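# Analysis of the macromolecular model
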Amino acid sequence: MSSTFRYRRLGYLALTVTDIEASTRFLTDVFGLDLVEESADGTRYFRVGPGRHDIMLTQADHASCVRTAWELQSPEDLDAAFAHFKVLGLHPAWVDPAECSRLAITRAFRFVDKIIGATWEYYIEMVNYCSPLQNRITSFQGGKHFGIYVPDNHAMTQFLCGNAGFLMSDYIGEQQISLVRAWPNPNHHSIGMVDGPGKPARLHHIAFMVNEIDDIGRLFNRCRNSGVDIHFGIGRHPTSGSIHLYIYGPDNFVWEYTLGMEQFPEAGSRQPRAMSAKPEHYDLWGAMPDDSRSDLLPIVVVDTAGAT
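Residues numbered from 1 in each chain as written. Predicted model: local features only at pLDDT ≥ 70, side-chain atom pairs only at ≥ 80, totals over all residues. Heavy atoms only, no water.

### Observations regarding unusual backbone geometry
- Note that the residue after Trp-183, namely Pro-184, is joined by a cis bond; omega there is 5 degrees.
- Mapped onto the elements of the fold, Pro-184 is located in the loop between strand 11 (177–182) and strand 12 (191–195).
- The peptide bond linking Gly-233 to Ile-234 adopts the cis configuration, its omega dihedral lying at 10 degrees.
- Mapping Ile-234 onto the fold places it in strand 14 (residues 230–236).
- Even without a glycine there, the phi angle at His-91 is positive, about 55 degrees.
- By the secondary structure assignment, His-91 is in the loop between helix 2 (75–87) and strand 6 (93–94).
- Residue classification places His-91 among the exposed positions, given a relative accessible area of 66%.
- The phi angle at Glu-125 is positive, at roughly 60 degrees, despite the residue not being glycine.
- Checked against the element boundaries, Glu-125 lands in strand 8 (residues 119–126). (Helix = DSSP H or I, 4+ residues; strand = E, 2+ residues; numbered from the N terminus. Buried < 20%, exposed > 50% of the residue type's maximum accessible area, 1.4 Å probe, protein only.)

### Points about the packing of aromatic side chains
- This structure, assessed with the given rule, holds 29 aromatic pairs.
- Taken together, a centroid distance of 5.8 Å and an interplanar angle of 45 degrees make the contact between Tyr-7 and Tyr-122 tilted. Pair noted here: Tyr-7 is in strand 1 (residues 7–17) and Tyr-122 is in strand 8, with a separation of 115 residues, a long-range link. Comparing Tyr-7 with Tyr-122, the two get one shared label, buried. (Phe/Tyr/Trp six-rings, centres within 6.5 Å; stacked < 30°, edge-to-face > 60°.)

Written out as C-alpha cells, the structure reads:
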C-alpha cells in the first residue's frame, strides 16, 4: 500500500435509473431505505443511517453507476489524498462549493482512473441527521460495499492496493475475484472486483450490512411476495463469512443484504488468502448465483460534473 491518507468509509454511490418512481418504490418498500429528499433537478437521496445519504438516484435514459464517493477521516487526509493522486497524474479536481452544499458535504475532489474510467470522489464531513429513520422494515448496521466487473482485475487490484490506500483481504482463483478494503476501515471488503476480460466495467452489486438474520429472512419473503427475483442466496460467503441475500431491482441493479462480515484490526491483520474458484466451494451453504443477466448489469460511466 502506498498512500498517506486514511479512509473512514464508503460514503455513497451516485446512480442513474430509467424509471425513478419504480426504483424509489423498490428501495423503500422492498429494500428498506429511507427516502430523505428530492432536489430541484429531481435527484433523490436515500439513507440507512445518520449521514444525509448513502444512495442518490437521478433519472436518465440509461442505468449506470456515475461515481462512488469515499469519506476520509480529516481535512488533512483529504489534502494528502489530492496531492497523492495529482502526483500519480490522475488530475484530481476540486468539486464546486455549490455542488458540495447540494451533496451536504464540506469539501471534495474527483478524478477518473485510467483503468476502467470510473469516477472516484473523496470528501470529508457529510451532514448528519438527528431524526430517526422513518422506514423501519430493516435494521441496518450502516456499513456497505459494492462489487464491480472490471476488464483487467490484475491491473485494477494493483492500482487500488498499490496506489489508492486499499488492502487485499482475500482473492479467488488467479485473482478472478479480488476483495479489498479501504484502510483502516475494518470491514472485510469495501470493493469486490470480478474479472471480465473484453467487457466494459459494470456494477455487479451494492451491499448494505444488517444487524440480524431476521432482516435477511424478511427480505427473502418480501421478494417472494412482491415478485422480486433472487440473484444469489440465501447463502454464506467462505471469504468474509457473511450471510447474504442478493436480489434484482429495476434496471438490473443487484442489491444485497449482508450479515456477519469479518472485521480486520488496523494493524497486525492476517495475510490475504488464496481461495478456491471451484463452483462447489463458492458458497458454504451451496447457494449459486444467477449470472444470466451479467451483460445487462448497469455500466460504469465517467462523471466530472461540478469539478473545477
